[in-house]
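# Coordinates in review
Here are the chains, one letter per residue:
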Amino acid sequence: MGALPNIFNGDRLLADDFIDEVKAYFRLNRTVPAYQSHLRRIAFVLTLIKGPNVAGWVRDQGDWLDNQVHDDLQTWQQFVDQFAAHFQDSQKEQRARTKLEQHRMRWPMIDQYVADFEQLAREAGYTLGNPECEQFFLHGLVPSVLEDVIKAGPPVGYNAIRQKAIDSTKSQQLLKNILQSQTRNTARPQQTFPRNDGWRQYNNQRQNQGPPRGGYTSSNAPRYMNNNPVPMDLDR
């Protein structure tokens, strides 16, 4: 059951991942009769280690396996230790520690910050409850979130610190969205509609001016005099 572990070609950066895949595969197939034998497990793993950089080591381990008489967990663990001693990246923890010290949160990606931080902590060999590890976590937070976390005294324990940082980020993001929405609504220009009283103003103006010299006729009478009698226009 499950996918086979990837082939290991001797890349030290992938050594731990390879062993983790192997253990996961055996964990899933623990009821398979063939894999209940630790010697067969070792023989199976050796078929997954291929390439010119590992051929000599695989040959030596095959010879070692042929001489084993105890098919038990201790023999399996001895094989795993030999693999780690030969292929394990000795600088992995130091590199992870350096990355952990330099790890910084990018606003507002608090979930990604937490996930990456915890992965680096594991690779560096830290437990999450370690006080030094907690200091690394606080140091990487953005200033506004850090201020919220340590306000009135920081919470006790990594889990409490992490949760307070998550809550603070979500609250600040919500507040920022609300303020931006209010700003947009305030800056929006108010719509005005012209009054339909242009003719009224024009007529009032004409009334205030009085009739033209000679009086109004049918050709120059204003609209307000509609239906009122005015002199007719006569030619010569």
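Before any of the text, the structure's been laid out above.
Please read all numbers here as calculations on a predicted model, not as lab measurements.

## Looking at the overall build of the chain
The secondary structure content of the chain amounts to 10 helices and 0 strands. The helix and strand sequence of the chain, counted from the amino end, reads α-α-α-α-α-α-α-α-α-α. When each of the 236 residues of the chain is scored for burial, the buried share is 29%. Across the chain, contacts joining residues at least 24 apart in sequence account for 54% of those joining residues at least 6 apart.

## Section: the packing of aromatic side chains
For the structure shown, the criterion picks out 22 aromatic pairs. Taking the centre distance of 5.9 Å and the plane angle of 75 degrees together, the rings of Trp 57 and Phe 83 count as edge-to-face. Remark: Phe 83 occurs in helix α4 (residues 73-87) and Trp 57 occurs in helix α3 (residues 55-66); sequence separation between them is 26 residues. On the basis of relative accessible area, Phe 83 is assigned to the buried category, the value being 2%. A network of ring pairs unites the aromatic residues Phe 8, Phe 18, Tyr 25, Phe 26, Tyr 35, Phe 44, Trp 57, Trp 76, Phe 79, Phe 83 and Phe 87 as a single cluster.

## Overview of unusual backbone geometry
Excluding glycine, a negative phi dihedral is what most residues carry, and trans is how most peptide bonds are arranged. Omega for the peptide link from Trp 107 to Pro 108 comes to -5 degrees, which places this bond in the cis form. Relative to the helices and strands, Pro 108 resides in the loop between α5 (92-102) and α6 (110-123).

## A short note on the pattern of salt bridges
Applying the stated criterion across every chain, the model contains 6 salt bridges. Its salt-bridge partner being Lys 92, residue Asp 16 comes within 3.0 Å of it at the nearest N-O pair. In this pair, Asp 16 sits in helix α1 (residues 15-28) while Lys 92 sits in helix α5, placing the two residues 76 residues apart along the sequence. Asp 16 sits in the partly exposed class, given a relative accessible area of 26%. Judged by its relative accessible area of 23%, Lys 92 is partly exposed. In the salt-bridge network here, residues are joined through shared partners; they are Arg 97, Glu 101 and Glu 132.

## Concerning the nonpolar core
Counting residues in each nonpolar core, the largest one holds 25 residues, and the members touching the most others are Phe 18, Ile 49, Phe 79 and Phe 83. Per-element tally for this core: the top contributor is α1, with 6 residues. In this structure, Phe 79 is in contact with Ile 42, Val 45, Leu 46, Trp 57, Gln 61 and Trp 64, ignoring residues within four places of it in sequence. Core analysis: the next-biggest nonpolar cluster, separate from the first, contains 23 residues, Leu 120, Phe 136, Phe 137 and Val 145 among them.

## Some thoughts on the side chain of Asn 29
One can find Asn 29 in the loop between α1 and α2 (38-46). Within the local environment of Asn 29, its side chain forms a polar contact with the backbone nitrogen of Met 1, the two atoms lying 2.7 Å apart. Setting aside residues no more than four positions away along its own chain, Asn 29 makes contact with Met 1 and Tyr 35.

Cut-offs and rules
Residues numbered from 1 in each chain as written. Predicted model: local features only at pLDDT ≥ 70, side-chain atom pairs only at ≥ 80, totals over all residues. Heavy atoms only, no water. Helix = DSSP H or I, 4+ residues; strand = E, 2+ residues; numbered from the N terminus. Buried < 20%, exposed > 50% of the residue type's maximum accessible area, 1.4 Å probe, protein only. Contact = heavy atoms within 4.5 Å. Phe/Tyr/Trp six-rings, centres within 6.5 Å; stacked < 30°, edge-to-face > 60°. Salt bridge = Lys/Arg side-chain N within 4 Å of Asp/Glu carboxyl O. Core = buried A, V, L, I, M, F, W, Y, C linked by side-chain atoms within 4.5 Å. Polar contact = N/O pair within 3.5 Å; in protein donor to acceptor, adjacent residues only side chain to side chain.

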